[in-house]
Amino acid sequence: SWGTFCYLRDVDSGSLWSTTLHPTSQVTSSYEAIFTQARAEFRHLYEQIEMHSEISVSSEDDLELRRVTLTNRSDRVRTIEFTSYAEVVLATQSQDESHPAFSNLFVQTEIDRKHHAILCTRRPRSAEEHPPWLMHMMTATGTSSSATSFETDRMKFVGRGRSLATPAAFDQRLPLSDSEGSTLDPIVSIRQTLRIEPNESV
């Protein structure tokens, strides 16, 4: 259960779930996973919110694109927090496995509020080194009911002794902390709050 996750929370009821089975593992009566050569799709219905996730990886560029469609199947207006989450490595698998904690210390993050994005890179060890960059961005259609917030510190998001199934970032109805710079355990997380009318899709 590794990778990029998307959390949903109903602002009114406080109910928390994810667009796929992981990480919250909410059991529902309707769940479908479709794998094709072009993409992976996940269909899910929970709390009368229908979710359709499409995930594609470009064959030409270092790019993963996720399109999530949320449809309100209830008869009332819903206010839904949509929060993305991914852990940052920016190193080879062997480097990350041999010294993960030490390797994380060299990752630096920067929030680009204008483009609703987080930029990440590794501090170079020498003038000749050209470190890789990562950009994590969220674009939402529909009515947003609050400003976009960001998080790059895993400790603040997950919390001490917690797991990704019930992270501390959802304990209160507050925006993410907008932390950036160097952290002990870097992540990328963006939150937007959407207002969805009955039978509307965003």
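One can find the structure itself at the top, above this paragraph.
Below is a short write-up of the structure.

About the thresholds
- Residues numbered from 1 in each chain as written.
- Predicted model: local features only at pLDDT ≥ 70, side-chain atom pairs only at ≥ 80, totals over all residues.
- Heavy atoms only, no water.
- Helix = DSSP H or I, 4+ residues; strand = E, 2+ residues; numbered from the N terminus.
- Buried < 20%, exposed > 50% of the residue type's maximum accessible area, 1.4 Å probe, protein only.
- Salt bridge = Lys/Arg side-chain N within 4 Å of Asp/Glu carboxyl O.
- Pairing = 2+ DSSP bridges.
- Axes fitted to C-alpha atoms, helices over the stretch in contact; angles between N-to-C directions.

## Looking at the environment of Asp61
Alright, step 1. By the secondary structure assignment, Asp61 is in the loop between strand S5 (49-57) and strand S6 (64-72).
Alright, step 2. The class for Asp61 is partly exposed, based on a relative accessible area of 48%.
Alright, step 3. Along the primary structure Asp61 and Leu164 are separated by 103 residues, whereas in three dimensions their C-alpha atoms are 29 Å apart.

## Quick word on the pattern of salt bridges
Alright, step 1. With the rule as written, the count across this model stands at 13 salt bridges.
Alright, step 2. A salt bridge links Arg154 to Glu87, with the shortest nitrogen-to-oxygen separation between them at 3.2 Å. Highlighted residues: Arg154 in helix H3 (residues 154-158) and Glu87 in strand S7 (residues 78-87), separated in sequence by 67 residues.
Alright, step 3. Under the relative-accessibility criterion, Arg154 is labelled partly exposed at 26%.

## Quick notes on unusual backbone geometry
Alright, step 1. A cis geometry characterises the amide bond from His22 onward to Pro23, with omega recorded as 10 degrees.
Alright, step 2. On the secondary structure map, Pro23 appears in the loop between strand S2 (16-18) and strand S3 (31-35).
Alright, step 3. With a phi close to 60 degrees, Asp178 is a non-glycine residue in the positive phi region.
Alright, step 4. Locating Asp178 in the fold gives a position in the loop between H3 and strand S13 (181-182).
Alright, step 5. The exposure class of Asp178 is partly exposed, given its relative accessible area of 26%.

## Some remarks on the sheet that holds strand S4 (residues 40-46)
Alright, step 1. The four strands are arranged S3-S4-S5-S6 in an open sheet whose pairing can be described as antiparallel. At either margin of the open sheet sits one strand with a lone partner, and together these are S3 and S6. Averaged over neighbouring strand pairs, the angle between their axes works out to 10 degrees when direction is ignored.

## Structural notes on the pairing of strand S12 (residues 149-153)
Alright, step 1. Buried residues dominate S12, accounting for five of its five residues.
Alright, step 2. In terms of strand pairing, S12 meets strand S14 (residues 186-196) through four bridges, oriented antiparallel. Residue pairing for S14: Ser149 is matched across the bridge by Arg191.

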